[in-house]
Amino acid sequence: MLCDECKQKPATVHFAKIVDGNKEETHLCEACAQAKSQVGFVVEPCFSINQLLAGLVYHDTPAPRTRREEKEGPCPNCGLTYGEFARLGRLGCDVCYTHFDARLEPLIKRIHAAGTHTGKVPRKASTGVLLRREMDRLREELTTAVSREEYEKAASIRDRLKELEGRREDRGDGDE
């Protein structure tokens, strides 16, 4: 797609403006977008996922709480501090995930809308994977119902689990 302004270079910046339900799109090359930025558009040519993540870290709080950071200390494996993570937008090593767990969990939930990453399911394997996920979810629900002494609900969940286990055995998807 070519730039809507100069009609010569490929469009790399795309603007969408919606007014009263009418969508108006503008596609510009970087040079034309920079020229338009003087008229009110702000263009950041090298925007990375790390910058996005760093921006999300302090979405609610503008600066790190130094006392908390001092108490928490740097990662024992790589030496990265939470402040450095917030500035860089990436962790230093796998140990950082457990070291900064209390502070990362709300951030991950805000990004993924859940505390667990489930990923995508390949089309060919989707039925078996989705069935396993549903069974895992039901097992957790069953444990919660029993702990709350909601035995009728637990019995219903147990029956549903047995039904799904039967369907899984019929398909030949035994535990691996």
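Residues numbered from 1 in each chain as written. Predicted model: local features only at pLDDT ≥ 70, side-chain atom pairs only at ≥ 80, totals over all residues. Heavy atoms only, no water.

1. Considerations on the overall build of the chain
Filter applied, for reference: A run of H or I in DSSP becomes a helix once it reaches four residues, and a run of E becomes a strand once it reaches two; helices and strands are each numbered from the N terminus. The buried label applies to any residue whose accessible area, calculated with a 1.4 Å probe on protein chains only, is under 20% of its type's maximum; exposed applies above 50%, and partly exposed to all values in between. Only heavy atoms enter the contact rule, under which two residues are in contact if any of them lie within 4.5 Å. Areas reported as accessible are Shrake-Rupley estimates using a 1.4 Å probe. Residue values count occlusion only from the protein chains shown.
Across its full length, the chain holds eight helices and two strands. Starting at the N terminus and ending at the C terminus, the chain contains elements arranged as β-β-α-α-α-α-α-α-α-α. For the chain, with 176 residues in total, the buried portion stands at 23%. Counting only contacts in the chain whose residues sit at least 6 apart along the sequence, the fraction spanning at least 24 positions is 37%. Accessible surface, the chain: about 13,200 Å² in total, of which carbon and sulfur atoms supply 50%.

2. Focus on the nonpolar core
The following threshold applies: Definition of nonpolar core: a set of buried residues of the types Ala, Val, Leu, Ile, Met, Phe, Trp, Tyr and Cys, connected through side-chain atoms within 4.5 Å.
Counting ten residues, the largest nonpolar core consists of Cys75, Leu80, Tyr82, Phe85, Leu91, Cys93, Cys96, Phe100, Leu104 and Leu107. The contacts of Cys75, once residues within four sequence positions are left out, are Leu80, Cys93, Val95, Cys96, His99 and Phe100. Met135, Leu138, Ala154 and Leu161 belong to the second-largest nonpolar core, a separate cluster that totals eight residues.

3. What to know about unusual backbone geometry
Non-glycine residue Lys7 carries a positive phi angle of around 60°. Following the sequence through the fold, Lys7 ends up in the segment before strand S1 (13-19). At Asp20, a residue that is not glycine, the phi angle is positive and equals roughly 50°. Note that Asp20 resides in the loop between S1 and strand S2 (22-28).

4. Description of the pattern of salt bridges
To be explicit about the condition: Salt bridge, as used here: a side-chain nitrogen of Lys or Arg that lies within 4 Å of a carboxyl oxygen of Asp or Glu.
With the rule as written, the count across this model stands at eight salt bridges. We note a salt bridge from Arg139 to Asp136, for which the minimum N-O separation is 3.2 Å. In this pair, Arg139 and Asp136 both sit in helix H7 (residues 126-147), three residues apart, roughly one turn of the helix. The class for Arg139 is partly exposed, based on a relative accessible area of 34%. Across the pair Arg167 and Glu163 runs a salt bridge, and its minimum N-O distance is 3.5 Å. Here the residue Arg167 and the residue Glu163 both occupy positions in helix H8 (residues 151-171), the gap between them amounting to four residues, near one helical turn. For Glu163, a relative accessible area of 44% corresponds to the partly exposed category. Through salt bridges with shared partners, one network takes in Glu134, Arg137 and Glu141.

5. Focus: the pairing of S1
As a reminder of what qualifies: In this description, strands pair whenever DSSP reports at least two bridges between them.
Pairing of S1 with S2, which is carried by seven bridges, proceeds in the antiparallel orientation. Bridging from a neighbouring strand, Ala16 pairs with Glu25 of S2. Hairpin connection of S1 to S2: two residues between the antiparallel strands, including Asp20 at a positive phi of 50°.

6. Looking at the confidence of the model for the chain
Applicable threshold: Every residue is assigned a pLDDT by the predictor, reflecting its confidence on a scale from 0 to 100.
Across the chain, pLDDT averages 77, with 68% of residues at or above 70. For the chain, per-element mean pLDDT is lowest for helix H2 (residues 49-57), which scores 60, and highest for helix H5 (residues 95-99), which scores 89. Confidence drops under pLDDT 50 across residues 60-65; counting only partners more than four residues distant or on other chains, this segment forms six contacts.

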